[in-house]
Amino acid sequence: MTLFLENAWAPEPAPEGTWEIRLTNLSDEVLEDFTLALTTITRIIDRERVSGGRLVRRVANYHEFAPPEGLRLAPGESWLVRAEALNRSPFHRNDAAKTAWVNLGARRLAVQVGDLIQADAPPAPPPPRMPAGRLTLPFALLPWPNAIRAEPGPAPVLLHAAPGTAMADLRLMLSVDALHARLFPAARKLFQLSPAPGTREIAFAYDASIPAEGYRLRFGRGIELASSAEAGRRHGLVALAQMLHGAFTDPAFRFPAEGVIEDAPRYGWRGSHLDVSRHFWRFDQVKRVVDILAWHRMNLFHWHLTDDEGWRAEILAYPELTRAGAHRSADTPAMLPQLGDGPGVSGGFYTQDQMRELVAHAGALGIEVMPEIETPGHAACVVAALPFLVDPDETPDSYHPVQGYPNNSWNPAIPETFVVLERIIDELCAIFPSRHFHIGGDEVAKNAWLESPKARALMQREGLSGTFELQSWFLRRVKAMLDARGRVLVGWNEVAHGGGVAPENTLLMAWEKPEVGIELARQGYDVVMTPGQAYYLDMVQGADWLENGAGWAGPVPPRQSYDYEAEGDFPEELRPRMRGIQACIWCEHFTSDAWFNDLVFPRLSAVAEAAWTRRENKDWLRFAAQTRLHPTL
């Protein structure tokens, strides 16, 4: 059957407006005794304000509607449902139904879905996101170095190692060549061991005065790469690889004939996060993301392994977490389709061997892998998989966080909660050597646990008032587990709510707005700046209705990501608390590889340059001319 769903939104009644859903039967059969299921970011929060049909159930972003009793949808006819009382007004064309299907007895019929249309205004095509740009020097370097004095010339056919080069440096050189080959499989190779016609020699030197991640390149008849540590040598080799690749693939770029590049990163923390819960990314794709970070000389991969929508890390002590919590489908009521799923099974998880492999892969590229296990909120998949962690006397549907899941938090009053968490932490600490362990701590509903008798008894016993003091009590216990294992607790900025955890051995990420990071630093916390208004790569890149992405932080065009100066917001005395910056790749809106590439690039490159290149050396138009060379997923 050919079925088509149209979405339309009108701004009245204020403030959220009206969402219209029209299902048209373009088949040759009558449709009757059916329900319509769909996944959508815009949610209906009051079923009584639905007309033309009935909202049978809603779980977070999953909605199911029944038509009026006796409705027969003949060929060519349409059924219209109107809904008011939305969670918010939509921002853009992809803020309504992403996927839909019809339940017809045991059958499920696919429904083609159109974009959300503004009922009161035709959309205008969005303007170009990037200017053509212009090159100040014709070298493909991204991020741009902090000191460069070089004359352009022709590129050598290959770079070869000088006689007597240490085995470790040869291996490092070839690892960068392999990185380039993985990112650009059709491109020419860059390095080899022996001289040949048209090659140019590279010699390695040690200089203790260069910072550990810094390097110096001298160009003349040969090339000298000086550094004090492996990290700097690797960054220097990546810089050479970028310049060769640019010169080989784009006639606008050349290679230095002579001159000097002296470079070191601006910040020690140059990170990117990847959410693999909302949209599951295959293991080979995750490895490619790490490769892309290495190409941009970033040094931390934040692996967001769990959220409401799925548990992605194999835990041997609790196989139920991945057996029941890693997949969504219309046949699993505890884990229904969300965020662009169809009715079939979607999801997956990473085995412990795969996680170890990623740690080794990243480590060979100089990248630290920090795992994240969301606590105490964002845990719908946990309570679905481990129901013994639920207070049986807690009122169902008694609290909902911003994403709409009912009762989705680890309960601090269930003793088994901490047994489970300790075993999970032990298994992950054995896999991830990083000193940093991210525990989430964000977006707990403001009334969480208040209708759990066990939680109320705990609050009375401990003298705690309200959800956020109870959350802090919970997080202090988690911090004690991490302290005992020599780990640094990392969390989102809400970890400081309700009294928070001790600032010592704690690092918080300021995501809601820049001012939050400054206040956290005043409280004594070390801070990584990752504000949604600049560094959230799921945000729309323009105010135009036809753009892709989320909109809560406002439009974030590439130039905004590039120009934002986190350090500039900090008073001088607090700047030592700012450890660096990080991009966040949240995947509620990512339904395909193409959407990833559309939203992440070139903004990931912009964050990489903001993390490495000092403010006075940044140049938007030069950057714009460089980004066309970046690799994609």
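Residues numbered from 1 in each chain as written. Predicted model: local features only at pLDDT ≥ 70, side-chain atom pairs only at ≥ 80, totals over all residues. Heavy atoms only, no water.

Colleague: Just to check I follow, could you spell out the overall build of the chain for this structure?
Modeller: On a plain count of helices and strands, the chain comes out with 15 helices and 30 strands. Over its C-alpha atoms the chain spans a radius of gyration of 26 Å, differing by no more than 12% from the 26 Å that the globule rule assigns to 633 residues. Over its C-alpha atoms, taken along the principal directions, the chain stretches across nearly 85 × 65 × 45 Å. Across the 633 residues of the chain, 60% fall into the buried class. (Helix = DSSP H or I, 4+ residues; strand = E, 2+ residues; numbered from the N terminus. Rg over C-alpha atoms; globule rule 2.2 N^0.38 Å. Buried < 20%, exposed > 50% of the residue type's maximum accessible area, 1.4 Å probe, protein only.)

Colleague: Help me out: how do you make sense of the nonpolar core in this one?
Modeller: The tendency in soluble globular proteins is for nonpolar side chains to be buried as a group. Leu240, Phe301 and Trp303 are the most contacted members of the largest nonpolar core, which has 137 residues in total. Not counting chain neighbours up to four residues away, the residues in contact with Phe301 comprise Ser272, Leu274, Val286, Val289, Val290, Leu293, Leu358, Ile367, Glu368, Val369 and Met370. (Core = buried A, V, L, I, M, F, W, Y, C linked by side-chain atoms within 4.5 Å. Contact = heavy atoms within 4.5 Å.)

Colleague: Just checking my understanding: could you explain the pattern of salt bridges for this structure?
Modeller: A side chain of one charge can pair with a side chain of the opposite charge if their charged atoms are brought near each other. For the structure on display, the rule yields 39 salt bridges. Measuring nitrogen to oxygen at the nearest pair gives 2.9 Å for the salt bridge that ties Asp169 to Arg233. Note that Asp169 is positioned in helix H1 (residues 167–183) and Arg233 in helix H2 (residues 230–249), a separation of 64 residues in sequence. There is no split in this pair, since Asp169 and Arg233 are both buried. Between Arg278 and Glu309 there is a salt bridge whose closest N-O contact spans 2.7 Å. Within this pair, whereas Arg278 is found in the loop between strand S19 (269–275) and helix H3 (283–295), its partner Glu309 is found in the loop between strand S21 (306–307) and strand S22 (310–311), the two being separated by 31 residues in sequence. In terms of burial, Arg278 and Glu309 fall into one category: buried. (Salt bridge = Lys/Arg side-chain N within 4 Å of Asp/Glu carboxyl O.)

Colleague: How should the pairing of strand S30 (residues 578–585) be read in this particular structure?
Modeller: Both faces of the sheet carry side chains from a regular strand, because those side chains alternate between them. Among the 8 residues of S30, 7 are classified as buried, and the element is accordingly described as predominantly covered. The sheet contact formed by S19 and S30 spans 6 bridges and is parallel. The residue bridging Trp269 from the neighbouring strand is Gly580, located in S30. Two strands pair when backbone bridges link them, and strand S29 (residues 526–529) and S30 are joined in this way by 3 bridges, in the parallel orientation. The partner of Val528 across the bridge, within S30, is Gly580. (Pairing = 2+ DSSP bridges.)

Colleague: Could you clarify how one ought to interpret the packing of helix H7 (residues 415–431) against helix H9 (residues 466–484) in this entry?
Modeller: Helix packing for two helices is described by the angle between their axes and how far apart those axes are. Two elements in contact, H7 and H9, have axes separated by 11 Å at closest approach and are oriented at 35 degrees. In this structure, H7 crosses over H9, and the sense of that crossing is right-handed. Touching Thr417, Phe418, Leu421, Glu422 and Ile425 of H7 are Trp473, Phe474, Arg477, Val478, Met481 and Leu482, all from H9. By residue class, the composition of the contact of H7 with H9 is 8 nonpolar, 1 polar and 2 charged. (Axes fitted to C-alpha atoms, helices over the stretch in contact; angles between N-to-C directions. Left-handed = near helix turned anticlockwise from the far one by under 90°. Nonpolar A, V, L, I, M, F, W, Y, C, P; charged D, E, K, R; others polar.)

Colleague: Hey, could you run me through the packing of aromatic side chains in this one?
Modeller: How two aromatic rings sit relative to each other is set out by the distance from centre to centre and by the angle between their planes. For the structure shown, the criterion picks out 23 aromatic pairs. Summarising the aromatic geometry, the rings of Trp303 and Phe432 are spaced 6.2 Å apart at their centres and angled 80 degrees between planes, so their arrangement reads as edge-to-face. Note that Trp303 is positioned in strand S20 (residues 300–304) and Phe432 in the loop between H7 and strand S26 (436–440), a separation of 129 residues in sequence. Across the pair, exposure class does not vary: Trp303 and Phe432 are buried alike. Lying over the aromatic face of Phe418, Arg477 brings its terminal NZ or CZ to 3.9 Å of the ring centre. One Lys or Arg, Lys618, reaches over the ring of Tyr562 and ends 5.0 Å from the middle of that ring. (Phe/Tyr/Trp six-rings, centres within 6.5 Å; stacked < 30°, edge-to-face > 60°. Lys NZ or Arg CZ within 6 Å of the ring centre and 35° of its normal.)

In short, shape yes, function no, at least from these values alone.
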